[in-house]
Amino acid sequence: MSGVLPRLACTAAVAVQAVLAPVPAAAAPEPRRSVAQLLTDLQQLYRRTEQAAETYNATAEKLARQRAEVTRLDGELARARIALRGSRSEAGRLARQQYQSSSDFSPYVRLLLARDPQHALDEGHVIGRLAGERARTVDRLAATETNKDALARSARRALDTALTLGEKQKKQQDDVRGRLADVERLLASLTPQQLAGVARLESAGTADAQRRLTESGTLGDARTPSAEGTRAVSYAMSQVGKPYAWGAQGPASYDCSGLTSQAWDHAGTPIPRTSQEQWARLRKVPLGELRPGDLVVYFPEATHVAMYVGAGKVVQAPRPGEAIKVSPMAANPILGAVRPDAGRGAGL
């Protein structure tokens, strides 16, 4: 599920319509926050929202895998039940055969009384083979019973886990929606002048961080992407202008890790769904060795991710209320970088 919510009202046109609730005459006026404080508050809200959204995405991935496991176990259980019916039928047939061929004489007495001892011996071999077949059938029946019972227990546990994950996902969904509402309330409380001031301050901060990154020499020389990296970048760039939506993986909208995971999936190299899993499971590369297609991960908790496109730029689904765009790489605090196609192509 995409969890697409209405886009946030974070433009000046919407802010003009925002009206603050009247304050009772007796109440002390609330201290006016500076533009820097407003920007800090907004950034913290966005960060917490994205962290909650990535947690939701991780649970959604686990739930999808668990549902697939439930389906697999249900199929195995159905096949085991069919096999059990077959084993029971075979056991019944052999039991009827044994009953119909039984007599009061032991095989030894029949051998002594037989007119043709050799024929009696041959008959004894047949009886022995039938007895062995009966024993093997009983063993198969017992094993099938045991397997069926084990599969039934596993299927029950898998279903219980899926139900628990479903409840967890619902709570996390409500958490994300609550945090998005907090962002909306803060944006709606700002005047056009405050919004413009916040935008200018944020832009200046990004430009300063990008300048420091460039002047540090950390990025190193341009590197050639792999064929897969080229396809991943091409896909991500073709999504520019589409809206951010938490939990979304396209094609109409994306969240940050939805964009990167889908880009690499279309390049033929599936990667984990969430930014935390991308950071944890993909090979880390120094920033000085970045090549287009590599993923840049942000914040200590790895709660945001973008795709490097070269020249110190990334393409990203930035946050609620904004569209996918190309941004300076230092638009957020960088945690590090990972390479989905490590070991392939040029520029290793």
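Preceding this paragraph is the structure being described.
Residues numbered from 1 in each chain as written. Predicted model: local features only at pLDDT ≥ 70, side-chain atom pairs only at ≥ 80, totals over all residues. Heavy atoms only, no water.

Points about the overall build of the protein chain
Scanning the protein chain for helices and strands turns up eight helices and six strands. Taken from the N to the C terminus, the helices and strands of the protein chain come in the order α-α-α-α-α-α-α-α-β-β-β-β-β-β. Taken over 348 residues, the protein chain has a buried fraction of 37%. In the protein chain, once contacts between residues fewer than 6 apart in sequence are set aside, the share between residues at least 24 apart is 73%. Taken as a whole, the protein chain presents about 19200 Å² of accessible surface, with 56% of it coming from carbon and sulfur. (Helix = DSSP H or I, 4+ residues; strand = E, 2+ residues; numbered from the N terminus. Buried < 20%, exposed > 50% of the residue type's maximum accessible area, 1.4 Å probe, protein only. Contact = heavy atoms within 4.5 Å. Areas by Shrake-Rupley, 256 points an atom, 1.4 Å probe, with all protein chains shown as cover.)

Observations concerning the packing of aromatic side chains
A full pass over the atoms with the stated rule returns zero aromatic pairs. Above the ring of Trp279, the side-chain terminus of Lys284 is found at 4.4 Å from the ring centroid. (Phe/Tyr/Trp six-rings, centres within 6.5 Å; stacked < 30°, edge-to-face > 60°. Lys NZ or Arg CZ within 6 Å of the ring centre and 35° of its normal.)

Some remarks on the sheet that holds strand 3 (residues 304-310)
Pairing in this open sheet of six strands is antiparallel, and the strands run 1-6-2-3-4-5 from one edge to the other. Strands with a single pairing partner mark the edges of an open sheet, and in this sheet they are strand 1 (283-285) and strand 5 (325-328). In this sheet, adjacent strand axes meet at a mean angle of 40 degrees when their direction is disregarded. As paired elements, strand 4 (residues 313-316) and strand 5 share four bridges and run antiparallel to each other. Of the residues in strand 5, the one forming a bridge with Val315 is Val326. Where helix 6 (residues 227-238) meets the sheet, its contacts fall on strand 3, strand 4 and strand 5, and the angle it forms with strand 3 comes to roughly 110 degrees. (Pairing = 2+ DSSP bridges. Axes fitted to C-alpha atoms, helices over the stretch in contact; angles between N-to-C directions.)

A short note on the packing of helix 6 against helix 7 (residues 256-266)
Where helix 6 contacts helix 7, the two axes come as close as 8 Å, and the packing angle between them is 130 degrees. In terms of their interaxial angle, helix 6 and helix 7 are classed as oblique. For helix 6 against helix 7, the interelement crossing comes out right-handed. Contact residues: helix 6 offers Glu228, Gly229, Ala232, Tyr235 and Ala236, while helix 7 offers Leu259, Gln262, Ala263, Trp264 and His266. Of the residues belonging to the contact of helix 6 with helix 7, the class tally is six nonpolar, three polar and one charged. (Parallel < 35°, antiparallel > 145°, perpendicular 65-115°, else oblique. Left-handed = near helix turned anticlockwise from the far one by under 90°. Nonpolar A, V, L, I, M, F, W, Y, C, P; charged D, E, K, R; others polar.)

Topic: the nonpolar core
Val176, Trp246, Trp264, Leu295 and Met307 are the most contacted members of the largest nonpolar core, which totals 29 residues. Among the elements of the structure, helix 2 (35-100), helix 4 (117-188), helix 6, helix 7, strand 2 (295-298) and strand 3 are those that each provide at least two residues to this core. (Core = buried A, V, L, I, M, F, W, Y, C linked by side-chain atoms within 4.5 Å.)

Examining the pattern of salt bridges
Taken as a whole, this structure holds ten salt bridges when the rule is applied. Asp208 is the partner of Arg212 in a salt bridge, and the nearest nitrogen-oxygen pair spans 2.2 Å. Of this pair, Arg212 and Asp208 both sit in helix 5 (residues 192-215), four residues apart, roughly one helical turn. Overlapping salt bridges bring together Glu202, Arg319, Glu322 and Lys325 as one network. (Salt bridge = Lys/Arg side-chain N within 4 Å of Asp/Glu carboxyl O.)

As for the environment of Gly247
Structurally, the position occupied by Gly247 is in the loop between helix 6 and helix 7. Residue class for Gly247 comes out buried when judged on its relative accessible area of 6%. Spatially, the C-alpha atoms of Gly247 and Gln173 are 9.5 Å apart, while their sequence positions differ by 74 residues.

Here's the deal with helix 7
Burial within helix 7 is extensive, with nine of its eleven residues counted as buried. Of all the residues in helix 7, the buried ones are Cys256, Ser257, Gly258, Leu259, Thr260, Ser261, Gln262, Ala263 and Trp264. Positioned one or two residues after helix 7, Gly268 has a phi angle of 95 degrees, which is positive.

Here's the deal with the side chain of Asp255
Topologically, Asp255 is positioned in the loop between helix 6 and helix 7. Asp255 sits in the buried class, given a relative accessible area of 0%. A polar atom in the side chain of Asp255 sits 2.7 Å from the backbone nitrogen of Gly258. Excluding its chain neighbours within four sequence positions, the residues that come into contact with Asp255 are Glu54, Asn57, Tyr244, Ala245, Trp246, Gly247, Ala248, Arg273 and Ala317. (Polar contact = N/O pair within 3.5 Å; in protein donor to acceptor, adjacent residues only side chain to side chain.)

Side note on the pairing of strand 4
Relative to strand 4, strand 3 runs antiparallel, the two being bridged by three bridges. Bridge pairing in strand 4 links Met307 to Val315. Turn length for the strand 3-strand 4 hairpin, with the two strands adjacent in sequence and antiparallel, is two residues, and the turn residue Ala311 shows positive phi of about 55 degrees.

Digging into the side chain of Asp294
For Asp294, the position within the fold is in the loop between strand 1 and strand 2. For Asp294, a relative accessible area of 0% corresponds to the buried category. Of note is the side chain of Asp294, whose polar atom sits 2.9 Å from the backbone nitrogen of Arg291. Engagement of the side chain of Asp294 in a polar contact is seen with the side chain of Arg339, the distance being 2.8 Å. Once residues within four sequence positions are removed from consideration, Asp294 is found in contact with Val285, Glu289, Ala306, Met307, Tyr308, Val338, Arg339 and Pro340.

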